[in-house]
Amino acid sequence: MPAIKAAPLLLGQHLVRLTEDGEIRCRIVEAESYGGAEDKGSHAYGGRRTNRTDVMFHTGGTAYVYLIYGMHHCFNIVTAEKNDPHAVLIRAVEPLTPRDAQLMAAYRGTAIRKPSDLSGGPGKLCRALRIDRSLNGLRLDQPGGPLRLESGDDPRSLPIVQAARINIPYAEEYAGLPWRFYIRDNPYVSAHDSKAEPFIWTENRP
DNA sequence: ACGACGATCTGCT
DNA sequence: GCAGATCGTCGTA
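Residues numbered from 1 in each chain as written. Chains lettered and ligands numbered in written order. Predicted model: local features only at pLDDT ≥ 70, side-chain atom pairs only at ≥ 80, totals over all residues. Heavy atoms only, no water.

Per an unreviewed UniProt entry, the recorded name for chain A is Putative 3-methyladenine DNA glycosylase, and the organism is Paenibacillus durus. Under the UniProt heading Sequence similarities (unreviewed entry), the entry covering chain A gives this text: "Belongs to the DNA glycosylase MPG family." (UniProt positions renumbered as here; feature names shortened; annotations may be inferred.)

Encoded structure:
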């Protein structure tokens, strides 16, 4: 399905990471859509298919992980059919239990003063969950896999805020589009938008 | 083969 | 609020 439709549906869903230290469970609280070859903000703009963007052309449910600024990883979920490059960038997650939070904090290796320090931001959550490019191209629907997506809260019950995407000034007319979704007032979200109106997701939104 | 730059984060002012 | 880190990727030659 198109990333713009998949992004709000991913809110509340669980992300499960299996490492040698055990399993970490969290739920997605912020997601940003990168939709199709026409999106000037997307790595696959114009249908650009390179070694890096190749997995964006895979079928929905595949992980797209890349390195940014030479030091941070970003994790995306591919959402459409083969050869149609839609993906949703996961921008923030919330640990389900104190034990999950504790393991994530250990992986972060920096002082956690507020919830968003732990996993509020695409690079932070990747560090907190030990996600790197070794997971690029991974299927997220494999039981027992190192990283997987499982059903969690029904997004229809969540107050969802739709706001502009972050940090894509080069995207021209696509830069300001409200293609970022997050759970209202959630402390793990990377950036709140005071002007945006929250809504309850229905079949016809967005 | 080279150079510019990025879907970010951190620490310091 | 802002500079610096740090390297894979991609366009250009």
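Trainee: Please clarify how the protein's contact with DNA strand B should be interpreted in this entry.
Mentor: In the neighbourhood of DNA strand B, 22 residues make up the surrounding shell, with H43, N76, R108, N167 and Y170 lying closest. In DNA strand B, the atoms that sit within 4 Å of the protein are 51% sugar and phosphate, with bases accounting for the remainder. Between P122 and DNA strand B, the recorded distance is 3.2 Å, taken from a backbone N or O atom to a phosphate oxygen. Secondary-structure elements contributing two or more residues to the surface near DNA strand B are β3 (63-68), β4 (72-78), β5 (86-95) and α4 (122-128). Partitioning the surface near DNA strand B into residue classes produces 10 nonpolar, 9 polar and 3 charged. (Near = heavy atom within 4 Å. Polar contact = N/O pair within 3.5 Å; in protein donor to acceptor, adjacent residues only side chain to side chain. Helix = DSSP H or I, 4+ residues; strand = E, 2+ residues; numbered from the N terminus. Nonpolar A, V, L, I, M, F, W, Y, C, P; charged D, E, K, R; others polar.)

Trainee: For this particular structure, what's the right way to read the environment of A111?
Mentor: Relative to the elements of secondary structure, A111 occurs in the loop between α2 (98-108) and α3 (115-119). With 14 residues separating them along the chain, A111 and T97 place their C-alpha atoms 19 Å apart.

Trainee: I keep staring at the pattern of salt bridges and nothing clicks. Help me out?
Mentor: A side chain with one charge may pair with a side chain of the opposite charge, provided their charged atoms come close. Considering all chains together, one arrives at 17 salt bridges under this definition. One salt bridge connects R156 with D154, and the closest N-O pair in it is separated by 3.6 Å. Owing to a relative accessible area of 41%, R156 belongs among the partly exposed residues under this scheme. The class of D154 is partly exposed, set by a relative accessible area of 40%. Linking D185 and R184 is a salt bridge whose minimum nitrogen-to-oxygen distance equals 3.9 Å. On the basis of relative accessible area, D185 is assigned to the exposed category, the value being 63%. Members of the salt-bridge network, linked through shared partners, are E23, R25, R148 and E150. (Salt bridge = Lys/Arg side-chain N within 4 Å of Asp/Glu carboxyl O. Buried < 20%, exposed > 50% of the residue type's maximum accessible area, 1.4 Å probe, protein only.)

Trainee: I tried to follow the packing of aromatic side chains on my own but got confused; where do I start?
Mentor: All told, the structure shown has 2 aromatic pairs when counted by the stated rule. Measuring from ring centre to ring centre gives 5.3 Å for Y64 and Y66, while their planes differ by 35°; the resulting arrangement is tilted. The class for Y66 is buried, based on a relative accessible area of 11%. The interplanar angle of 70° and the centroid separation of 6.0 Å between the aromatic rings of Y174 and W179 together place this pair among those described as edge-to-face. Here the basic side chain of R165 rests over the ring of Y34, its NZ or CZ set 4.8 Å away from the ring centre. (Phe/Tyr/Trp six-rings, centres within 6.5 Å; stacked < 30°, edge-to-face > 60°. Lys NZ or Arg CZ within 6 Å of the ring centre and 35° of its normal.)

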